[in-house]
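# Structural overview for review
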Amino acid sequence: MPLPWKRASTPEPSLRRGLLCLPPLLLASALGLGPARLGPASQDAGPGSTAPEARIDDGRTSRLEDVSASACVGCHAPVLEEWRESAHALAWKDERYQKALSKVRREESCTGCHIPEPLSSSLPLAPGASTRTTRPRARDEHKQLGVSCSACHLAADGATVLGPFGLETDAHPTRRDPRFEVETASATCLPCHSTTIGPVIGVGKDFIASDQEGLGLSCTECHMPPIRRPIASDPEGQITYPERRGRSHRILGPRDPAFLRRAFSLEVEGTAQGSATLVVTNRAGHRVPGMTERRFVFRARLVDAHGTLLDEGELVLDTRAYLPVEGTRQLTLSGRGAARIEVDARHEATGLGRGGHVFLTDVLALD
Ligand code: HEC
Ligand code: HEC
Ligand code: HEC
Ligand code: HEC
Ligand code: HEC
């Protein structure tokens, strides 16, 4: 099974490259390569799957309760139910954001991305354009809706809805726009995700610098897994709309453990001298972690065939010691008679839960 974000059914180029250069003693545990690691309820399970994997409770609000002010609420229940659980819906309500906002002198520098006007009203969003330093403008009504439906979908005329299909409907004019087609959809995400400000790192810049689009990747391919469901709903329950191919607006992120695992592949390299090196490689489309105050801690234990501990160590990824795209970090352990490395990895975020959460455990055999 290909990684969910790889369009082709063959392994993606970078990963294939990685596997081909494995020395004879190197054993790969490419996390996320096999469906076995995903679990049956994974949202990544493919088209048709709507059962979301349980999210980690990291202390953040997990659902926007009051959506009554949304202009789309009566007719797009399926999409709205996804979106209201995303960080986008909570971008204004988020207590951590509100706390940070209360400490800034110029609020205007913080609002454009958290409560934007429709992007097309303030930004020239030509798909394929690579530098986007202009920030969206803030709106002053319905702030509680954060990054709302209209922010991404409403055209500059304030009436036409942009989308991937260009469907005919009496509800509103629609227009097919490349910003909603998977190959070029990153243009929708880059205006807000390419600036480093406050605790935020502009990961969009990494994405562009490493030419992920050239590799056939987009933000939506990884963060909005494909699903099939009706896209519209009738408040009176009279009309049933057809199922359509779409992408989940719930947005996969650091709260989804299976998704976090996909950021990394692990390999172990053994030598005849009794040392073993754990190699961690970044498989995300940008650096990890993507925010200050967030860290990944990999703990490795080298054991012999009886499970006796020979050596142990830790590898920490944070804002300073981050992993760039396709970057690797290594941890070497030594001990006579080593049989395997047992690894676990924790994701930590300041102010979000105690001690972080373990999102990965693995055993890599040496032979
Ligand atoms: C260019 C767009 C942009 C601007 C301007 C912006 N932010 Fe954000 N903000 C984001 C994005 C994107 C994220 C999500 C980053 C992530 O999850 O990695 C975010 C997340 C946050 C978070 C983290 C929320 C959490 O629960 O972890 C805080 C706090 C925050 N921003 C505060 C601010 C403050 C304070 C300002 C003004 C100084 C500001 N932001 C201006 C785009 C922006
Ligand atoms: C009165 C009901 C109604 C309202 C209000 C409404 N929509 Fe729609 N919308 C529909 C229907 C019906 C369709 C077509 C569904 C189908 O054929 O499967 C549609 C289609 C769409 C599409 C697909 C566009 C394409 O590519 O063809 C998008 C995107 C969309 N709506 C977004 C929105 C957004 C965003 C809002 C709020 C600003 C909104 N809609 C408000 C009923 C509505
Ligand atoms: C209008 C600005 C804006 C646009 C456009 C935008 N985002 Fe965001 N995004 C944000 C903000 C703000 C946050 C953080 C909200 C918070 O936590 O307070 C965020 C958070 C996120 C997160 C972190 C999720 C989590 O659960 O922690 C991901 C992933 C993300 N966005 C992906 C995307 C993708 C993919 C697109 C394009 C389809 C996109 N964003 C478009 C502003 C934007
Ligand atoms: C951060 C930007 C963003 C926000 C906010 C957003 N959308 Fe979308 N939407 C997209 C993108 C990108 C696509 C194209 C996904 C794809 O490849 O099919 C899309 C696709 C759609 C579609 C077509 C079917 C599908 O799922 O692909 C509908 C309908 C839609 N959105 C409605 C909404 C509604 C209603 C809301 C608010 C509840 C909303 N969107 C919020 C970016 C956004
Ligand atoms: C190849 C898949 C892939 C692509 C392409 C990709 N991402 Fe990610 N992204 C991930 C993974 C996996 C994570 C989880 C690791 C993490 O949270 O640091 C992640 C994390 C994030 C986060 C949260 C960062 C943090 O530390 O909290 C944001 C925000 C984000 N991505 C935005 C984007 C945007 C915007 C784009 C397009 C410009 C994009 N991503 C492209 C896989 C991808």
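Refer to the preceding data block for the structure.
This structure is a prediction, so every number in the text was calculated from the model and none was measured. (Residues numbered from 1 in each chain as written. Chains lettered and ligands numbered in written order. Predicted model: local features only at pLDDT ≥ 70, side-chain atom pairs only at ≥ 80, totals over all residues.)

### So, the overall build of the chain
Stated precisely, the cut-off is as follows: Only runs of H or I of at least four residues qualify as helices and only runs of E of at least two qualify as strands under DSSP, and these elements are numbered from the N terminus. Burial in this document is a count-based property: other C-beta atoms within 10 Å of a residue's C-beta are tallied, and the residue is buried at 20 or more, exposed at 12 or fewer, or partly exposed in between, with C-beta positions derived from the backbone. Contact criterion: two residues are in contact if their C-beta atoms, reconstructed from the backbone, are within 7 Å.
In terms of helices and strands, the chain carries 10 helices and 12 strands. The 367 residues of the chain split such that 36% are buried. Looking at the chain alone, contacts between residues at least 24 apart form 60% of all its contacts between residues at least 6 apart.

### Observations regarding the site of ligand 3
Our working definition: Each residue gets a C-beta atom placed from its backbone. Should that atom fall within 6 Å of a molecule or strand, the residue is termed near it. Residues were grouped as follows: Ala, Val, Leu, Ile, Met, Phe, Trp, Tyr, Cys and Pro as nonpolar; Asp, Glu, Lys and Arg as charged; and all remaining residues, including Gly, as polar.
Residues in close proximity to ligand 3 total 27 residues, the closest being Ala 87, Asp 94, Cys 189, Cys 192 and Gly 253. Counting residues per element, the ones that place at least two in the shell around ligand 3 are α6 (149-153), α7 (186-193) and α9 (219-223). The element best represented in the shell around ligand 3 is α7, accounting for 5 residues. Class assignment of the residues belonging to the shell around ligand 3 gives a composition of 18 nonpolar, 7 polar and 2 charged.

### Remarks on the site of ligand 1
Neighbouring ligand 1 are 22 residues, the closest being Ala 100, Cys 110, Cys 113, Thr 195 and Gly 198. At the level of secondary structure, the elements contributing two or more residues to the shell around ligand 1 comprise α3 (95-102), α4 (108-111) and α7. It is α3 that provides the largest number of residues to the shell around ligand 1, a total of 4 residues. Here the residues of the shell around ligand 1 are counted per class, giving 11 nonpolar, 7 polar and 4 charged.

### Looking at the nonpolar core
Stated precisely, the cut-off is as follows: Think of a nonpolar core as buried Ala, Val, Leu, Ile, Met, Phe, Trp, Tyr and Cys residues, each tied to the set through C-beta atoms within 7 Å.
With 32 residues, the main nonpolar core has Leu 278, Val 288, Ala 300, Leu 302, Ile 341 and Val 343 as its most contacted residues. At the level of secondary structure, the elements contributing two or more residues to this core comprise α10 (257-261), β6 (264-270), β7 (275-282), β8 (294-304), β10 (328-334), β11 (338-349) and β12 (357-365). It is β8 that provides the largest number of residues to this core, a total of 5 residues. Ignoring sequence-local partners within four residues, the contact set of Leu 278 consists of Leu 266, Val 268, Ala 300, Gln 330, Leu 331, Ile 341 and Val 343.

### Here's the deal with the pairing of β8
Rule in force here: Note on pairing: two strands pair once DSSP finds at least 2 bridges between them.
Note that β8 and β11 share 11 bridges and pair antiparallel. Considered in β11, the bridge of Phe 298 is made with Ala 345. Relative to strand β9 (residues 309-317), β8 runs antiparallel, the two sharing 8 bridges. For Arg 301, the partnering residue across the bridge sits in β9 and is Glu 312. Counted between consecutive antiparallel strands, the loop separating β8 from β9 contains 4 residues, among which Gly 307 sits at a positive phi close to 85°.

### Some remarks on the sheet that holds β8
We count it as follows: Every axis in this analysis is a line fitted to C-alpha atoms, fitted for helices over the stretch in contact. Angles between the N-to-C directions lie between 0 and 180 degrees.
Reading across the sheet, the 4 strands line up as β9-β8-β11-β12 and stay open at both edges, with antiparallel pairing between neighbours. Across the chains shown, the open sheet's two edge strands, defined by having one partner strand only, are β9 and β12. Direction aside, the axes of adjacent strands within the sheet are offset by 15° on average. Here β11 runs beside β12; their pairing, made up of 8 bridges, is antiparallel. Bridge pairing in β12 links Asp 344 to Thr 361.

### Considering α7
With 8 of 8 residues buried, α7 is to be regarded as a mostly interior element. Those residues of α7 that fall on the buried side of the exposure criterion are Ser 186, Ala 187, Thr 188, Cys 189, Leu 190, Pro 191, Cys 192 and His 193.

### Observations regarding the environment of Ser 148
Relative to the elements of secondary structure, Ser 148 occurs in the loop between α5 (119-122) and α6. C-alpha separation for the pair Ser 148 and Pro 116, spaced 32 residues apart in sequence, amounts to 7.9 Å.

### Structural notes on the environment of Pro 178
Looking at the element boundaries, Pro 178 is found in the loop between β3 (174-176) and α7. A sequence separation of 15 residues divides Pro 178 from Gly 163, and the C-alpha atoms of the two residues are 8.2 Å apart.

### Some thoughts on unusual backbone geometry
Leave glycine aside and you will find that most residues have negative phi; peptide bonds, for their part, are mostly trans. Of note, the amide linkage connecting Val 288 to Pro 289 takes the cis form, showing an omega dihedral of -10°. Its identity as a non-glycine residue notwithstanding, Glu 293 has a phi of 70°, on the positive side. Its 14 C-beta neighbours within 10 Å are what place Glu 293 among the partly exposed residues. Look at Glu 326: it is not a glycine, yet its phi comes out positive at around 65°. Structurally, the position occupied by Glu 326 is in the loop between β9 and β10.

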